[in-house]
Amino acid sequence: MKRFKNVILSCFLLILGICWISPVYIVFINSFKNRAELYENILAFPKEFSLEYYEKTTEKMEFMKVLGNSLFVTIVSTVLIIILSSMTAWMLVRNNNKISKIIFNVFVATMLIPFQTLMMPLLQEMGWFTNMGIPMIDSLGGLIFMNIGFGAGMAVFLYHGFIKSVPVALEEAARIDGCTPWGEFWRIVFPIIKPTTVTVAILDVIWLWNDYLLPSLVLTSKGKRTIPVATAAFFGQFTIQWNMAMAGLMLTMIPVIIFYLCAQKHIIRGVAAGAVKL
Amino acid sequence: MRSRYKMRWYLLFVLPLLLIFSSVVIVPFFMGIGYSFFSWDGLPLNPKIFVGFDNYIKLFSDVRFKDTAIRTILFMFCSVILINLIGICFALFVTSKLKCKNTIRMMLFMPYLIGGLILGYIWKFILGDGMAAIGEMVGNSSVFFNWLVNPKYSFIALIIVICWQMSGYVMVVYIAGLMNISEEVLEAATIDGAGYWQTLLRVKMPLLMPSFTICLFLSLSNCFKIYDINVSLTGGGPNNTTEMFAMNIYNEIFNKNNFGYGQAKAILFLLVVAVFTLIQVNITKKKEVES
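Bear in mind the structure is a predicted one, so any value in this text is a computation, not a measurement.

Counting its regular elements, chain A contains 15 helices and 0 strands. Its C-alpha atoms give chain A principal-axis dimensions of roughly 75 × 70 × 35 Å. Taking as baseline every contact in chain A between residues at least 6 positions apart, the subset at least 24 positions apart corresponds to 74%.

To continue, consider the overall build of chain B. The number of helices and strands found in chain B is 12 helices and 2 strands. Reading chain B from its N terminus to its C terminus gives the helix and strand order α-β-β-α-α-α-α-α-α-α-α-α-α-α. Its C-alpha radius of gyration of 24 Å places chain B more than 25% over the 19 Å reference for a compact globule of 291 residues. Across its three principal axes, chain B shows a C-alpha extent of roughly 80 × 75 × 30 Å. Across the 291 residues that make up chain B, the buried fraction comes to 41%. Counted over contacts in chain B with a minimum sequence separation of 6, partners at least 24 positions apart contribute 71%.

Turning our eyes to something else, we now look at the interface of chain A and chain B. On the side of chain B, 68 residues touch chain A, which itself brings 64 residues to the contact. Ranked by the residues each element gives to the side of chain A that touches chain B, the list is headed by helix α7 (residues 115-131) of chain A, at 8 residues. Grouping the constituent residues of the side of chain A that touches chain B by class yields 47 nonpolar, 16 polar and 1 charged.

When two helices pack together, their arrangement is captured by the angle between the axes and the distance separating the axes. At a closest axis distance of 10 Å, the pairing of helix α2 (residues 22-30) of chain A and helix α5 (residues 116-138) of chain B adopts a crossing angle of 80°. With respect to their mutual orientation, α2(A) and α5(B) come out roughly perpendicular. Residues A:Pro23, A:Ile26 and A:Val27 of α2(A) form the contact with α5(B), whose own contacting residues are B:Ile122, B:Trp123 and B:Ile126. Here the residues of the contact of α2(A) with α5(B) are counted per class, giving 6 nonpolar, no polar and no charged.

Another aspect to go through is the confidence of the model for chain B. Per-residue pLDDT for chain B has a mean of 87; in total, 98% of the residues score no lower than 70. As scored by the predictor, the complex reaches a pTM of 0.90 and an ipTM of 0.89.

Attention now goes to the packing of helix α13 (residues 227-237) of chain A against helix α14 (residues 242-262) of chain A. All names here are of chain A. Contact geometry of α13 with α14 gives a least axis separation of 11 Å together with a crossing angle of 175°. Looking at the two axes, α13 sits roughly antiparallel to α14. Together, Ile 227, Thr 231, Phe 234 and Phe 235 of α13 and Ala 245, Gly 248 and Thr 252 of α14 make up the contact between the two elements. Counted by class, the contact of α13 with α14 contains 4 nonpolar, 3 polar and no charged residues.

Take unusual backbone geometry next. Residues and elements named next belong to chain A. The phi dihedral of Glu 62 is positive, around 50°, even though this residue is not glycine. Here Glu 62 is to be found in the loop between α4 (52-61) and α5 (63-94). Overall, the presence of 16 C-beta atoms within 10 Å leaves Glu 62 in the partly exposed class. Phi is positive for Asp 138, close to 55°, though the residue is something other than glycine. Mapped onto the elements, Asp 138 comes out in the loop between α7 and α8 (140-163). On the basis of neighbour count, Asp 138 is assigned to the partly exposed category, with 15 C-beta atoms found within 10 Å.

The subject of this paragraph is the nonpolar core. If you look at the biggest cluster of nonpolar residues, it comprises 156 residues, and the most contacted ones within it are B:Met171 and B:Val172. It is helix α6 (residues 151-180) of chain B that contributes the most residues to this core, 15 residues altogether. Sequence-distant contacts of B:Val172, that is, excluding residues within four places in its chain, are made with A:Ile268, A:Val271, A:Ala272 and B:Phe109.

Okay, helix α11 (residues 194-210) of chain A next. Residues and elements named next belong to chain A. A rise of 1.5 Å per residue sets the reference length of α11, with its 17 residues, at 24 Å; its end C-alpha atoms lie 24 Å apart and thus fit the reference within 8%. Burial of α11 is extensive: 12 of the 17 residues sit out of reach of the surface. Along α11, the residues classified as buried are Thr 196, Thr 197, Thr 199, Val 200, Ile 202, Leu 203, Asp 204, Val 205, Ile 206, Leu 208, Trp 209 and Asn 210.

Residue and element names in this part refer to chain A. With respect to the helices and strands, Gln 241 occurs in the loop between α13 and α14. Looking at Gln 241, the number of C-beta atoms within 10 Å reads 15, which means it is partly exposed. Sequence separation between Gln 241 and Asn 34 is 207 residues; the distance between their C-alpha atoms is 9.8 Å.

Right, let's talk about the environment of A:Thr117 for a bit. Secondary-structure assignment places A:Thr117 in helix α7. Each C-alpha atom, one on A:Thr117 and one on A:Thr180, is 41 Å from the other, the two residues being 63 residues apart in sequence. When residues no more than four places from it in sequence are discounted, the contact partners of A:Thr117 are B:Gly32, B:Ala266, B:Ile267, B:Phe269 and B:Leu270.

Below, the discussion takes up the confidence of the model for chain A. Reading fine detail from the predicted coordinates is not recommended where pLDDT is low. Overall, the predicted model of chain A reaches an average pLDDT of 88, with 99% of residues at or above 70. Element-level mean pLDDT values for chain A span from 76 in helix α3 (residues 35-40) of chain A up to 94 in α5(A).

Rules and cut-offs
- Residues numbered from 1 in each chain as written.
- Chains lettered and ligands numbered in written order.
- Predicted model: local features only at pLDDT ≥ 70, side-chain atom pairs only at ≥ 80, totals over all residues.
- Helix = DSSP H or I, 4+ residues; strand = E, 2+ residues; numbered from the N terminus.
- Contact = placed C-beta atoms within 7 Å.
- Rg over C-alpha atoms; globule rule 2.2 N^0.38 Å.
- Buried ≥ 20, exposed ≤ 12 C-beta atoms within 10 Å, placed from the backbone.
- Nonpolar A, V, L, I, M, F, W, Y, C, P; charged D, E, K, R; others polar.
- Axes fitted to C-alpha atoms, helices over the stretch in contact; angles between N-to-C directions.
- Parallel < 35°, antiparallel > 145°, perpendicular 65-115°, else oblique.
- pLDDT = per-residue confidence, 0-100.
- Core = buried A, V, L, I, M, F, W, Y, C linked by C-beta atoms within 7 Å.
- Expected span 1.5 Å × (residues − 1).

In structure tokens:
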């Protein structure tokens, strides 16, 4: 009886799960259809799997270029956020004086500020930098610079919480052996705080990969677009040809799905850990 | 000597991030407060005219803005409740002892990874042209029509999409909370003769309060700041009837070129988000219990 109940519950849950991701399935099947076939029955299976629309959209969106930009911005920003935030958080914990406390509280408090409150003045300021000869507007480097600023609060907060629970003894032993703080941090502390690094990396990759508003404001020229910006431009260009658009959407989702399938456990665990510590 | 050595290392570790952070967040924040007292159209050569609190006073007589604000708050309440309800149901489903629970958990969480903009476009197809096409096919146009041309249904569409995105996310947090409840407590409840529902309502729910605090906070601030889905799904239309707070600010600044006035809105936005989240965290924190 119990087993029977379990089978029914499993079936119910599987159906629920499949229904839940059916929109992705609808995008997938319609990305192979031509216009007439699409409107005939949007739920039907395509008659043939031709990659025609994928090729066309790849060309129109300059997908490879855009994918490269997105990868570059996401990876470099994440790595820099991790390096800089973990270093800062460690120093703030180990020198817990008044200044450190103030700095830490400022990092945490600013996490509440919505991006919309900062976007206009930020663009003005970055415009000044650009005029002074430091390219910030319309440069991937500038976007990375801004990403670091926006990711800092969360990352410092997570590292701070974890480092507080790491005993000082090991670091003191290393210092007695003649290690500089630099060596102390990279050889001893950084390996210990790896779980938090994974969490920060996953949260930041999800955020940066999908970030739209900031890149759309900063990156003005076509060759520098990231995936979300290019998608928005692609949809804004003409009245939407849905079969083409479906192929475009599928293309943008493929990297995410691959990433998810590869690191599924880490992602779910990282997201939960990141949220729980808030 | 020793302290100067320490100081130098301190600066080396803290200063780089602090400089970047200040120039990206702190300086624009104060600049923003400044801009909100000026009237300016965004062109560098045009004069900025100091108007004091006029921008803020103007906010109260702006009808479109008032509608937007009320709509955003309504949207936030509806979606926060739905997201958390769905999330907790999912969490209860996938923490039962079934073999396929990991696969299902993975499926339910997936929309969160795809990102608001893309999600919006997917649903734009399904609820717009897709619905219309189905309606033609089955000959029923009372439910199956282009939802995105109707203000009311567009609003519902936004709620559907944000639920689709966020439910899996809060589910993951609730799962972590449920896993944290010790077996002993549940066993004790069973021994005392509590059934499934009694255990759920009297034991699990109170012990889940910390997860509620987090999930309500996350969903509340995310729903308030909704922008990507708004842009891609409805674009604010039809006729600005689904324009949310964040989008209204964007339009005021970058489309209407009212930089000062838009910035005043943005400052108000910050205050509203802060007030709502702080009230929520305070209320739910009080309800947390020790197990």
